[in-house]
Amino acid sequence: MNPKPYASHGAGDPTAVPAALGLGLLAVGGWLLTTARPWYKPGHPLTLGLGWAASGALLVCGLVLLARCVRTVHGGPEPDADVPAPTEAGTGTGTGTDD
């Protein structure tokens, strides 16, 4: 019988924390964007501009974090360093000297 109730499954997903942070930044940026509307509460143009800039920065940072996580999880396999890059020799393009 196993003395531990659960087996160890490793460290877990390394993209979970950045993805959660990206979703949080998107939520805060969206909330800030909805609260910094000039028709919602008229204010000084500088205050509105700073609010929109901050919300835009949060939205962009959140999207970048999520995009990096999605690319990490769903990206293709890493290219092997030992395999040379394909050259023109085997591509069938020919050099015009076919007999």
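Structure first, text after, so check above.
Below, the structure is looked at part by part. The model shown is predicted, which means the values in this text are computed figures rather than measured ones. (Residues numbered from 1 in each chain as written. Predicted model: local features only at pLDDT ≥ 70, side-chain atom pairs only at ≥ 80, totals over all residues. Heavy atoms only, no water.)

On to the overall build of the chain. Helix and strand counts for the chain come out as 2 helices and 0 strands. Here the chain holds 99 residues, and 12% of them are scored as buried. If you take every contact in the chain between residues at least 6 apart in sequence, the share linking residues at least 24 apart comes to 66%. When the accessible surface of the chain is split by element, carbon and sulfur atoms take 67% of a total near 8,400 Å². (Helix = DSSP H or I, 4+ residues; strand = E, 2+ residues; numbered from the N terminus. Buried < 20%, exposed > 50% of the residue type's maximum accessible area, 1.4 Å probe, protein only. Contact = heavy atoms within 4.5 Å. Areas by Shrake-Rupley, 256 points an atom, 1.4 Å probe, with all protein chains shown as cover.)

Turning our eyes to something else, we now look at helix α2 (residues 45–74). With 30 residues, α2 extends 42 Å from end C-alpha to end C-alpha; this agrees with the ideal 44 Å at 1.5 Å per step. Buried residues of α2: Leu48, Gly51, Ser55, Gly62, Leu65, Leu66 and Cys69, and no others. Next to the buried residues of α2 lie α1 (16–35). (Expected span 1.5 Å × (residues − 1).)

So, about the side chain of Thr15. When you line up the elements, Thr15 lands in the segment before α1. If we skip the residues at most four places from it in the chain, Thr15 touches Cys69, Thr72 and Val73.

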